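Observations on the three-dimensional arrangement
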Amino acid sequence: MNNLKLGVQVVSAHDLMPKDGQGSSSAFAELLFDGQKFRTTIKEKDLNPVWDESFYFNISDPSNLPHLALDVYVYNNNRATNSRSFLGKVTLSGTSFVPQSDAVVLHYPLEKRGIFSRIRGELGLKVYITNDPTIKSSSPIPDAETNVKVNHAKAPKSEVRHTFHHLPKTNHSHSHSHSHSHPQSHSHAHSQPQNDHHHHNDGSTEASHEVTYQEVEEMKRKAEAPPPQIVRMHSASAAQPVDFALKETSPYLGGGRVVGGRIIHADKTASTYDLVERMQFLYVRVVKARDLPNMDITGSLDPFVEVRIGNYKGVTKHIDSNDHPEWNVVFAFSKDRLQASVLEVKVKDKDLIKDDFVGIVRFDLHELPTRVPPDSPLAPQWYRIEDKKGEKVKGELMLAVWLGTQADEAYSEAWHSDTAGIDIQSSAASALLRSKVYHAPRLWYVRVNVIEAQDLVPTEKNRFPEVFCKAQIGHQIMKTKPVQARTLNALWNEDLLFVAAEPFDDHLVITVEDRVAPGKDEIIGRVTVPLTQIDRRADDRLIPTRWFHLEKLVAVDVDQLKKEKFASRLHCRVCLDGGYHVLDESTHYSSDLRPTAKQLWMPTIGVLELGILSAEGLHPMKTREGRGTSDTYCVAKYGHKWIRTRTLVDSLSPKYNEQYTWEVFDPATVLRVGVFDNCQIGGKESNGINKDVKIGKVRIRISTLETGRIYTHSYPLLVLQPNGVKKMGELHLAIRFSCTSFANMMYQYSRPLLPKMHYVRPFTVMQQDMLRFQAMNIVAMRLGRAEPPLRKEVVEYMSDVDSHLWSMRRSKANFFRLMSCFSGLFAVGKWFGDICMWRNPITTVLVHILFLMLVCFPELILPTIFLYMFLIGVWNYRYRPRYPPHMNIKISQADTSLPDELDEEFDTFPTSKSPELVRMRYDRLRSVAGRIQTVVGDVATQAAIVLYVTPFQVIAALIGFYVMRHPRFRYRLPSVPISFFRRLPARTDSML
């Protein structure tokens with residue numbers, strides 16, 4: 001028997017809108033769920049009413065619960081006119097219902113019913129699921145009894161009843177209500193359970209059963225489970241499976257709970273870290289010691305400090321033969337894990353057999369001060385050490401002990417108690433655990449225009465040299481085409497492009513070489529140009545050319561080279577192009593679109609704040625002591641700023657609670673957050689390879705965020721593997737975009753996506769791919785030189801380095817995206833076909849009347865089209881996306897791709913597969929290209945028909961006028977509508 005019920009406790013309302021004309025309201029709430037309706041009592045003349053009344057709805061079909069919604073409407077009762085006015089509503093989806101043991105009272109902001117509604121205030125509700133059999137359902141009350149609701153406020157409390165309606169479609173179901181606000185009603189109900197069906201029975205002889213999270217999740221999973229038969233060629237816009245879908249959460253941030261995109265009842269003492277859950281820590285700063293006693297006959301002391309509280313301890317490194325040591329180390333112990341009330345700070349002498357006790361300092365946790373930034377750091381003090389008996393001995397220890405949060409400045413540099421298995425004496429291991437902020441170098445494009453060379457001296461006589469130029473910056477090498485110098489002069493006039501990073505440590509080296517034989521080149525001369533001496537430009541103005549004397553290297557012996565100058569010269573134009581944006585990541589997911597030259601930067605449009613809260617359900621990436629575990633950290637990238645959270649050791653549900661901030665210059669940019677397993681902790685046993693393992697990644701486009709709203713979601717970490725898509729866990733984030741200049745933000749939508757130079761002097765596709773690869777390598781190399789290093793595999797994964805490679809899965813996904821764009825035209829064509837076939841005579845007659853009206857009054861054609869477009873936009877407005885898009889396996893075709901297609905996608909470049917497999921894939925690609933060729937042929941045929949019908953004179957005139965058009969109509973930059981369209985969010989954000 002199904003005993004599941006939805007319990008709703010209507011607690012109170014706050015700051016309601018006055019609607020009675022006298023500065024007040026007589027409010028009551030009306031609850032609707034699954035065809036069942038309840039009403040609370042009416043609170044006369046009260047803008048802050050308190051009901052504290054409970055109602056219970058029957059859940060007739062638990063498998064349908066995720067598709068249901070609870071609607072709570074608040075009305076003002078007008079006794080004079082026997083009417084009601086709308087005060088606001090709250091809608092809760094079935095996926096947000098929790099068991100009774102986990103339910104808390106949440107205050108939801110009242111929503112508007114329409115655009116012109118004047119609404120304010122909050123409604124406090126407690127919603128939960130229960131299967132307590134002692135709660136009995138009652139029969140519906142006839143509609144005539146609902147007319148007494150106006151007089152409820154005047155009736156005695158013991159006689160107050162809650163009335164409810166049943167909608168016609170579920171008259172067979174039952175409901176139940178119970179009031180917490182009337183103790184007399186309670187006693188009356190328990191004493192006479194047969195007469196009052198609105199209150200639950202005593203139920204002392206029946207056992208109470210509580211629904212669990214597992215049961216609720218099982219119901220949701222059954223409701224959202226895909227059908228057993230999956231059609232392969234399905235629409236790419238199909239719904240995301242519930243296990244891979246985005247989940248909205250309501251965590252406690254900044255001392256309050258997030259509801260409706262804002263923090264409700266936030267703590268006034270909260271700091272600027274209001275997008276993370278506040279974590280309490282016990283901080284111990286061990287600075288130094290003095291006058292420590294000698295513990296052995298040699299008179300030397302190798303002191304170190306051990307900080308212990310309960311089962312947790314932290315140890316500093318020992319210092320050899322020093323009775324005045326300095327450490328300056330901070331220890332952080334999570335307050336939630338403290339198992340003792342006394343903190344012990346011991347000074348010990350390092351010994352090979354057993355460490356000697358020197359002294360101890362004790363602190364009572366209840367007497368420690370609490371520090372909240374922006375308070376200044378707590379000043380350390382000298383404390384006399386004691387022996388084991390508690391008596392003062394020689395020696396003092398400088399300490400600072402306080403209680404704080406993760407907003408403390410010492411948080412990032414502290415040794416944390418959850419890393420007890422890591423040796424703090426190793427500086428490299430200690431650095432791996434801490435959170436860090438990295439700044440990628442500013443990148444420049446280096447354009448080398450090799451024009452000509454004069455008076456070349458060939459290496460061999462009686463032959464014309466076949467010369468070419470080779471330019472090199474660091475590991476980047478580019479060559480011109482070989483030219484035969486019949487007059488000992490060579491002309492190339494070719495552009496060679498490089499990527500350089502500030503500060504400019506490398507030099508530009510240009511060598512002129514003679515191709516003596518295939519595979520054999522001899523150097524004629526060389527030029528070395530420091531990058532710091534190269535001219536810079538921010539537009540397409542011409543840089544003056546320069547003549548360089550070629551230097552020839554003559555080998556004197558093995559250890560020494562003698563330089564000889566001769567008359568050969570090289571004519572070049574070299575410049576640093578600052579008008580471009582150096583692409584070091586995928587263009588579709590770029591986090592920065594500004595040009596390199598700072599004088600071309602636009603002012604900021606806002607601030608992006610990210611709170612990395614926690615991760616749940618992570619898959620174990622390594623084994624330790626015979627069990628699966630992970631040592632995870634998060635990396636976020638936006639613009640030039642990279643952040644790395646601290647590594648949480650040995651946890652599959654880590655809680656980071658770290659907050660970071662970025663300046664936003666363009667809304668059409670993407671924030672990336674990735675989760676990785678640290679392979680450098682745990683040795684070779686961790687995963688067998690020396691690379692940090694990727695767990696998953698989240699992409700969030702700034703233009704999909706409402707300004708000022710806090711988005712708290714749990715993002716599934718989806719990773720595509722050779723055996724299919726796999727969910728590696730969930731990442732809990734809090735995001736807020738605050739707009740500082742609305743005018744600048746709207747102006748950005750009218751500007752081209754990339755800087756002007758990308759359109760004035762564009763690069764070829766091959767040049768873009770080559771330069772992107774070089775830029776990514778430079779960024780990875782620079783970040784890999786930091787401490788701790790941000791490893792190359794992390795930078796490549798966060799930069800989507802392989803997004804441009806061929807994939808059959810991506811091709812199919814883009815094809816379905818293209819088909820979905822034309823689905824509206826196909827639907828209109830089908831509808832018009834039905835009109836012509838008179839499938840619906842009434843609709844056909846109406847279309848005929850409309851057609852006749854437009855023929856008779858052609859001036860109404862455009863207004864009618866615009867009116868329809870406006871109405872369609874208004875109708876679709878309520879279906880607009882409320883949350884940022886996330887990776888979708890349906891749109892990405894990840895759930896329908898064949899194993900061979902995924903194996904091809906994960907193949908190396910160049911391929912490492914067998915020739916037979918490569919031949920099979922080549923034949924498959926030929927078949928796909930054949931179909932594309934057929935489609936292109938059909939399009940060409942249609943174009944040919946247009947050319948045959950149109951007179952040649954008309955085509956020639958149109959082409960001539962277009963070629964000779966006025967300069968006013970010659971735009972190398974894209975138009976404003978095209979720029980606006982390119983900046984809009986696309987389904988690309990949902991692609992794996």
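Residues numbered from 1 in each chain as written. Predicted model: local features only at pLDDT ≥ 70, side-chain atom pairs only at ≥ 80, totals over all residues. Heavy atoms only, no water.

1. Considering the nonpolar core
Formed by 62 residues in total, the largest nonpolar core has its most connected members in L608, L610, I612, W642, W662, L731 and L733. It is helix α6 (residues 765-784) that contributes the most residues to this core, seven residues altogether. What L731 contacts, discounting residues up to four positions off in sequence, is I612, S614, A615, C634, V673, V675, V698, H713, S714, Y715 and L717. Grouped together as the second largest cluster of nonpolar side chains are 40 residues, F28, L31, L65 and L110 included. (Core = buried A, V, L, I, M, F, W, Y, C linked by side-chain atoms within 4.5 Å. Buried < 20%, exposed > 50% of the residue type's maximum accessible area, 1.4 Å probe, protein only. Helix = DSSP H or I, 4+ residues; strand = E, 2+ residues; numbered from the N terminus. Contact = heavy atoms within 4.5 Å.)

2. Observations regarding the sheet that holds strand β38 (residues 632-638)
Sheet strands pair via backbone hydrogen bonds, and the direction of the pair is either parallel or antiparallel. The sheet built from five strands is open, its strands ordered β24-β39-β38-β41-β42 with antiparallel pairing. Strand pairing shows two members of the sheet lacking a second neighbour, β24 (436-439) and β42 (693-701), which therefore form its edges. On average, adjacent strands in this sheet sit at an angle of 15° to one another, irrespective of strand direction. (Pairing = 2+ DSSP bridges. Axes fitted to C-alpha atoms, helices over the stretch in contact; angles between N-to-C directions.)

3. Observations regarding the environment of N690
Position of N690 among the secondary structure elements: in the loop between β41 (670-677) and β42. Take N690: its relative accessible area is 57%, and that puts it in the exposed class. Sequence-wise, N690 and N678 are 12 residues apart; in three dimensions their C-alpha atoms are separated by 9.6 Å. Apart from the residues lying within four places of it in its own chain, the contact partners of N690 are C679, R791 and E793.

4. Details of the sheet that holds strand β44 (residues 724-739)
On the basis of which strands lie adjacent, the open sheet formed by five strands has the order β11-β43-β44-β35-β40 and antiparallel pairing. Lying at the two open borders of the sheet, with one neighbouring strand each, are β11 (247-248) and β40 (655-664). By the bridge criterion, 10 bridges tie strand β35 (residues 606-616) to β44 in an arrangement that is antiparallel. Bridge pairing in β44 places G606 opposite C739.

5. Some details on the packing of aromatic side chains
Tallied over the entire structure, the rule returns 24 aromatic pairs. Relative to F676, the ring of Y633 has its centre 5.9 Å away and its plane inclined at 25°; by these criteria the two rings are stacked. Pair noted here: Y633 is in strand β38 and F676 is in strand β41, with a separation of 43 residues, a long-range link. Here Y633 matches F676 in class, with each residue buried. Among the aromatic side chains, those forming a connected cluster through ring pairs are F33, F38, F55, F57 and F97. In this arrangement the basic side chain of K641 is found over the ring face of W662, its NZ or CZ atom lying 5.5 Å from the centre. Note that R878 overlies the ring of W875, its terminal NZ or CZ placed 4.3 Å from the centroid. (Phe/Tyr/Trp six-rings, centres within 6.5 Å; stacked < 30°, edge-to-face > 60°. Lys NZ or Arg CZ within 6 Å of the ring centre and 35° of its normal.)

6. Observations concerning empty space enclosed by the protein
The tally for this structure, following the rule as stated, stands at two cavities of 30 Å³ or more. In this structure, the largest cavity occupies an estimated 180 Å³ of space. As for the largest cavity, its lining consists of 19 residues, of which L443, H581, V582, D592 and H640 are closest to the centre. Looking at the lining of the largest cavity residue by residue, the classes come out as eight nonpolar, five polar and six charged. (1 Å grid on protein atoms, 1.4 Å probe; cavity = no way out; pocket = protein on both sides within 12 Å on 5 of 7 lines; lining within 4 Å. Points joined across faces, edges and corners; volume = space filled by probe spheres on them. Nonpolar A, V, L, I, M, F, W, Y, C, P; charged D, E, K, R; others polar.)

7. A few points about the side chain of D408
Structurally, D408 can be placed in the loop between β22 (392-405) and β23 (415-416). A distance of 2.7 Å separates a polar atom in the side chain of D408 from a polar atom in the side chain of R371. Residue contacts for D408: discarding those within four places in its chain leaves Y283, R371, P373 and W402. (Polar contact = N/O pair within 3.5 Å; in protein donor to acceptor, adjacent residues only side chain to side chain.)

8. Quick look at the packing of helix α8 (residues 808-821) against helix α9 (residues 823-836)
Packing of α8 against α9 leaves a shortest axis separation of 4 Å and a crossing angle of 45°. One finds that α8 runs oblique with respect to α9. On α9, the residues touching M819, S820 and C821 of α8 are S823, G824 and F826. Grouping the constituent residues of the contact of α8 with α9 by class yields three nonpolar, three polar and no charged. (Parallel < 35°, antiparallel > 145°, perpendicular 65-115°, else oblique.)

9. Topic: the side chain of R772
In this fold, R772 is placed in helix α6. The class of R772 is buried, set by a relative accessible area of 16%.

10. Digging into the pattern of salt bridges
This model, assessed by the stated rule, comprises 57 salt bridges. The residue R285 makes a salt bridge to E413 at a minimum N-O spacing of 3.4 Å. With R285 in strand β15 (residues 280-290) and E413 in the loop between β22 and β23, this residue pair connects regions lying 128 residues apart in the sequence. Residue classification places R285 among the buried residues on the basis of a relative accessible area of 19%. You can call E413 partly exposed: its relative accessible area is 36%. The closest approach of N and O atoms between E409 and R371, which form a salt bridge, is 2.8 Å. A residue pair is termed long-range when its members are at least 10 positions apart, and E409 in the loop between β22 and β23 and R371 in the loop between β20 (356-364) and β21 (381-386) qualify at 38 residues. Residue classification places E409 among the partly exposed positions, given a relative accessible area of 47%. (Salt bridge = Lys/Arg side-chain N within 4 Å of Asp/Glu carboxyl O.)

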